[in-house]
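# Chain and residue survey
Here's the letter readout for the chains.
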There are 2 protein chains.
Amino acid sequence: MPTVFPLAELRRSSAPVSVIDTIIKGDCVAALEALPDNSVDMIFADPPYNLQLGGTLHRPDQSKVDAVDDAWDQFASFELYDAFTRAWLLACRRVLKPTGTIWVIGSYHNIFRVGATLQDLNFWILNDIVWRKTNPMPNFKGRRFQNAHETMIWASPDPKAKGYTFNYDAMKAANDDVQMRSDWLFPICSGGERLKGDDGKKVHPTQKPEALLARILMSSTKPGDVVLDPFFGSGTTGAVAKRLGRHFVGIEREQDYIDAAAARIAAVEPLGKTELTVMTGKKSEPRVAFNVLVENGMIKPGQVLSDAKRRHSAIVRADGTLTANGEAGSIHRLGAKVQGLDACNGWTFWHFDDGTSLRPIDELRTVVRNTMARLD
Amino acid sequence: MPTVFPLAELRRSSAPVSVIDTIIKGDCVAALEALPDNSVDMIFADPPYNLQLGGTLHRPDQSKVDAVDDAWDQFASFELYDAFTRAWLLACRRVLKPTGTIWVIGSYHNIFRVGATLQDLNFWILNDIVWRKTNPMPNFKGRRFQNAHETMIWASPDPKAKGYTFNYDAMKAANDDVQMRSDWLFPICSGGERLKGDDGKKVHPTQKPEALLARILMSSTKPGDVVLDPFFGSGTTGAVAKRLGRHFVGIEREQDYIDAAAARIAAVEPLGKTELTVMTGKKSEPRVAFNVLVENGMIKPGQVLSDAKRRHSAIVRADGTLTANGEAGSIHRLGAKVQGLDACNGWTFWHFDDGTSLRPIDELRTVVRNTMARLD
DNA sequence: GCTGTGTATGAATCTTAGC
DNA sequence: CGCTAAGATTCATACACAG
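What you are looking at is a predicted structure, and each value in this text was computed from that prediction instead of being measured.

Taken together, 28 residues lie near DNA strand D, and Tyr168(B), Lys172(B), Gln179(B), His332(B) and Arg365(B) sit nearest. Atoms of DNA strand D within 4 Å of the protein: sugar and phosphate make up 62%, bases the balance. Side-chain polar atom of Gln62(A) to a base oxygen of DNA strand D: 3.2 Å apart, as the coordinates give it. Within the contact set of DNA strand D, a phosphate oxygen lies 2.5 Å away from a side-chain nitrogen or oxygen of Lys172(B). Taken together, the residues of the surface near DNA strand D sort by class into 9 nonpolar, 11 polar and 8 charged.

This is how it looks when you write it as structure tokens:
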């Protein structure tokens, strides 16, 4: 079980107290200020996102969405949020080694402010990384695009900083021998990995998946490095660090989160040296929408598609839908409609004329898939 | 060939000069200030990225990478870049209709500053969209992740702004009948689409793919809308707008870009009305009161309605309301009440017995709508 | 044990017309 | 402007339970 340090005790201590592999209980900035200069190799920070939610949101079945409405996520203004961001980033920079790097995760609600503040404080952005979620929550009201990703910024503490850790070859090897890209695909944290209380409810509203942290740690730290998480929450950073043979320092205010994290980390079994392979993200058969063929010019708006025996035909519209006999819909919906069926696989039903013969549009999808094969 | 307006001439003009489907030559902010208030439906902006490149970058074979080192991309400091960003965003907001939206594209070099400035100016972010590149440039030095995406911010001019255009149903139908996500996959602009000069060199260093602009315009504008691009460059926005039956206004300083864009747009053939029609959902259909079904005799007073599984039932009254268990109300209110919910769509909840099976009353509404449509 | 069905849920800035 | 009422709206997973 990792030690928990009340911040007051850490301050009182005259001798240097090792905080390695412990959770410091207290305010993030105050705790950071109690740590020595240049003492950590990497920082992963998952700060409050400052979501500005209106009323309650219901799913189409009228069930209520359990929103993030915790007090710690509320800020009265952007100015206050920016001041908070400046304060913890400055405190982070002091404890970070010159060869270290910092990761910050956020959404469009806060990440632009975080990124601008990082630049204002003379951090040097190395990459912005997109976490694409395989299973994001839908947009229930249909008024926006489905918010299907979060953004991480990876930065070094100074534009002139040299010698930061980036395990390029490990990343490349883990990615079918091509360079690891800036867009990563992972499921959200759910199922058995998601910490639940005795009441069966989630312990923390924004627990991050271990696979995400594993890729971060494998890419930008070495075994034995010290990883600091100033917003420790349910302790994902600590659990993954321990499993991967890294040390951690967590900072957290709420006792409930600390208790859950400490128990969680205690149960982690570190991997042996030979097992320290990089976790790979989710691979899946690329799903190609018909619209991709239109957008790429393989099928043109106005073009006529027909079934294999030319009994039915339809016209392609610019939005990637088809129209025929005054009806319209996706390739599947309209294929079903013209046949009077409930369902239809539009990919095999609809054909295009290549000048010589009718060919199923599925052939074009295969072409697209082959060019996208590595991209999930 | 689209008309080109020297800004000086536009200002001299005492009569209102229509700038629709023209390229205004001049400084971005000055040109915007010459346009009327609330006059454009959508803005797409591809501002300078403020890339801070060090020396010359070489590929592993020692060939030189043709970097973006144009004078227009250079800013002495973040402060200057922010001031520039504020100026053009403020000018954009004035010409944008309250129901309009703005798209801005950038990379990690500038997008955080743009996003924070948008928020500071009280724009309301609707989504951040990730353009995942199928064929990004590799990271030649192997010191970072491959920078494989750019970020777009989609925002409305005010948090309270309502009525912006989002063609949700068209996006969903185009995407195999599931919601369009915030991560989009497109190739970079290359091959025949890439404008080349007589010397065979690319005309513009950051020409965007037409497919990207097509999805943007299809998602957030209607045919006939006016789309403004304050950094017109090689005119991708104008070319796609013309093809998709939208109007454009371009602003550009450099004569070489204007010449290339004007010729390019002149060659574009607009699509016809059929191809430009997009999928719409129930939201856009005329409202039909339930009472109309009763008045038309499709539903009779005293008739029993029930839900799909016959768990709840209600009796139709002559005034078009329902009653059950001593309670009464509209089809929606009573549907909610019998289920103990806050809200309910009575059209899909309540069913009538056609002698064979239970059918939703929504089917009768469709019949009424089709009848109404024939009377237009 | 296996398969199919029904239900629950996740960092969410999530309606609009009409009076 | 504020209020009320109409009525539109979900994808991927995990899990419990039935057959």
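Let us look at the nonpolar core. Residues Trp88(A), Ile102(A), Trp88(B) and Ile102(B) are the most contacted members of the largest nonpolar core, which totals 76 residues. Apart from the residues within four sequence positions on either side, Ile102(B) is in contact with Ile43(B), Trp88(B), Leu89(B), Cys92(B), Leu96(B), Leu118(B), Phe123(B), Ile153(B), Trp154(B) and Ala155(B). Counting residues in each nonpolar core, the second largest holds 50 residues, with Phe44(B), Leu51(B), Tyr168(B) and Ala170(B) among its members.

What follows is about the packing of aromatic side chains. Across all of its chains, the model carries 35 aromatic pairs over all chains by this definition. Between Trp88(A) and Phe231(A), the ring centres sit 5.1 Å apart and the planes meet at 85°, which makes this aromatic pair edge-to-face. With a gap of 143 residues between them, Trp88(A) in helix 3 (residues 78-95) and Phe231(A) in the loop between strand 8 (226-229) and helix 7 (236-243) connect regions that are remote in the sequence. Connected via pairs of aromatic rings, a cluster forms that spans Trp103(A), Trp154(A), Tyr164(A), Phe166(A), Tyr168(A), Trp184(A), Phe186(A) and Phe145(B). Over the face of the ring belonging to Phe123(B) we find Arg93(B), whose NZ or CZ atom lies 4.6 Å from the ring centre.

For the rest of this paragraph, the subject is the UniProt feature "domain: DNA methylase N-4/N-6" (unreviewed entry) in chain A. Under the UniProt annotation, the feature "domain: DNA methylase N-4/N-6" (unreviewed entry) is placed at residues 40-261 of chain A. The distance separating the terminal C-alpha atoms of residues 40-261 of chain A is 20 Å; by composition the span is 27% helix and 22% strand.

Our focus in this paragraph is the sheet that holds strand 2 (residues 22-25) of chain B. Residues and elements named next belong to chain B. With mixed pairing, 9 strands are arranged side by side in an open sheet as 1-2-9-8-3-4-6-5-7. On the outer flanks of this sheet lie strand 1 (3-6) and strand 7 (183-186), each paired with one strand and no other. Neighbour-to-neighbour, the strand axes of this sheet turn through a mean angle of 20°, independent of strand direction. Strands in contact with helix 4 (residues 111-120) are strand 4 (96-106), strand 5 (124-133) and strand 6 (149-156); relative to strand 4, the strand with the most contacts, it is inclined by about 160°.

What follows covers the protein's contact with DNA strand C. Residues and elements named next belong to chain A. The immediate surroundings of DNA strand C are formed by 38 residues, with Arg 59, Tyr 108, Lys 141, Arg 194 and Lys 202 found nearest. Of all DNA strand C atoms lying within 4 Å of any protein atom, the proportion belonging to sugar or phosphate reaches 46%. For DNA strand C, a base oxygen lies 2.4 Å from a polar atom in the backbone of Lys 141. Arg 143 is positioned such that a nitrogen or oxygen atom in its side chain is 2.8 Å from a phosphate oxygen of DNA strand C. Among the residues forming the surface near DNA strand C, the class breakdown is 18 nonpolar, 8 polar and 12 charged.

Our focus in this paragraph is the pairing of strand 9 (residues 247-252) of chain A. Residue and element names in this part refer to chain A. Within strand 9, 5 of the 6 residues are buried, which leaves the element mostly enclosed by the surrounding structure. By the bridge criterion, 4 bridges tie strand 2 (residues 22-25) to strand 9 in an arrangement that is parallel. In the sheet register, Lys 25 faces strand 9, and the bridge partner there is Glu 252. Strand direction decides the pairing type here: strand 8 and strand 9, joined by 4 bridges, are parallel. Looking at the pairing, Asp 229 lines up with Gly 250 of strand 9. Assessed by its sense of winding, the connection that carries the chain from strand 8 through helix 7 to strand 9 is right-handed.

This part is about unusual backbone geometry. Even without glycine at this site, Asn325(A) takes up a positive phi of about 55°. Its place among the elements puts Asn325(A) in the loop between strand 12 (322-324) and strand 13 (327-329).

A separate point is the sheet that holds strand 7 (residues 183-186) of chain A. Residues and elements named next belong to chain A. Taken in spatial order, the 9 strands line up as 1-2-9-8-3-4-6-5-7 in an open sheet, and their pairing is mixed. Of all strands in the sheet, those bounded by a partner on one side alone are strand 1 (3-6) and strand 7. The average undirected angle you get between the axes of adjacent strands in this sheet is 20°. Of the strands in this sheet, strand 3 (40-45), strand 4 (96-106) and strand 8 touch helix 3, which is tilted by about 150° from strand 4.

Attention shifts here to the packing of helix 3 (residues 78-95) of chain B against helix 4 of chain B. Residues and elements named next belong to chain B. Between helix 3 and helix 4, the least distance of the axes is 10 Å, while the angle of their chain directions is 50°. One finds that helix 3 runs oblique with respect to helix 4. Like other packed secondary-structure pairs, helix 3 and helix 4 cross with a definite hand, here right-handed. The residues of helix 4 that touch helix 3, namely those facing Phe 78, Tyr 81, Asp 82, Thr 85, Arg 86 and Leu 89, are Arg 113, Val 114, Thr 117 and Leu 118. For the contact of helix 3 with helix 4, the per-class residue count stands at 5 nonpolar, 2 polar and 3 charged.

Bring the parts together and some accessible area is lost; that lost area is often taken as the interface size. In this complex, chain A contributes 75 residues to the contact, which on the side of chain B involves 73 residues. Taken together, the two surfaces of chain A and chain B that pack against each other cover about 6600 Å², and 52% of this comes from carbon and sulfur. Our count for the contact surface shared by chain A and chain B stands at 5 salt bridges. Asp120(B) serves as the salt-bridge partner of Arg113(A), at 2.6 Å between the closest nitrogen and oxygen. Summed over the shared surface of chain A and chain B, the result is 37 residue pairs in polar contact (both at pLDDT 80 or more). When contributions to the side of chain A that touches chain B are tallied by element, the ones reaching two or more residues are helix 4 (111-120), strand 5 (124-133), strand 6 (149-156), helix 5 (168-174), strand 7, helix 9 (290-295), strand 13 and helix 10 (331-339) of chain A. With 9 residues, the top contributor of residues to the side of chain A that touches chain B is strand 5 of chain A. Taken together, the residues that form the side of chain A that touches chain B break down as 33 nonpolar, 26 polar and 16 charged.

Residue and element names in this part refer to chain B. By the element assignment, Arg 264 lies in helix 8 (residues 255-266). The exposure class of Arg 264 is buried, given its relative accessible area of 11%. Side-chain polar atoms of Arg 264 contact the side chain of Thr 236, separated by 3.1 Å. In contact with Arg 264, not counting residues within four places along its chain, are Leu 195, Gln 207, Glu 210, Ser 234, Gly 235, Thr 236 and Ala 239.

Looking now at helix 11 (residues 331-339) of chain B. All names here are of chain B. All of the buried residues in helix 11 are Ile 331, Leu 334, Gly 335, Ala 336 and Val 338. On the buried face of helix 11, the contacting elements are helix 10 (290-295), strand 11 (313-316), strand 12 (322-324), strand 13 (327-329) and helix 12 (346-349). At the exit of helix 11 stands Gly 340, carrying a positive phi of roughly 70°.

About the thresholds
- Residues numbered from 1 in each chain as written.
- Chains lettered and ligands numbered in written order.
- Predicted model: local features only at pLDDT ≥ 70, side-chain atom pairs only at ≥ 80, totals over all residues.
- Heavy atoms only, no water.
- Near = heavy atom within 4 Å.
- Polar contact = N/O pair within 3.5 Å; in protein donor to acceptor, adjacent residues only side chain to side chain.
- Nonpolar A, V, L, I, M, F, W, Y, C, P; charged D, E, K, R; others polar.
- Core = buried A, V, L, I, M, F, W, Y, C linked by side-chain atoms within 4.5 Å.
- Buried < 20%, exposed > 50% of the residue type's maximum accessible area, 1.4 Å probe, protein only.
- Contact = heavy atoms within 4.5 Å.
- Phe/Tyr/Trp six-rings, centres within 6.5 Å; stacked < 30°, edge-to-face > 60°.
- Helix = DSSP H or I, 4+ residues; strand = E, 2+ residues; numbered from the N terminus.
- Lys NZ or Arg CZ within 6 Å of the ring centre and 35° of its normal.
- UniProt positions renumbered as here; feature names shortened; annotations may be inferred.
- Pairing = 2+ DSSP bridges.
- Axes fitted to C-alpha atoms, helices over the stretch in contact; angles between N-to-C directions.
- Right-handed = clockwise from strand over helix to strand, strands pointing away.
- Parallel < 35°, antiparallel > 145°, perpendicular 65-115°, else oblique.
- Left-handed = near helix turned anticlockwise from the far one by under 90°.
- Buried area = accessible area lost by both parts, 1.4 Å probe.
- Salt bridge = Lys/Arg side-chain N within 4 Å of Asp/Glu carboxyl O.

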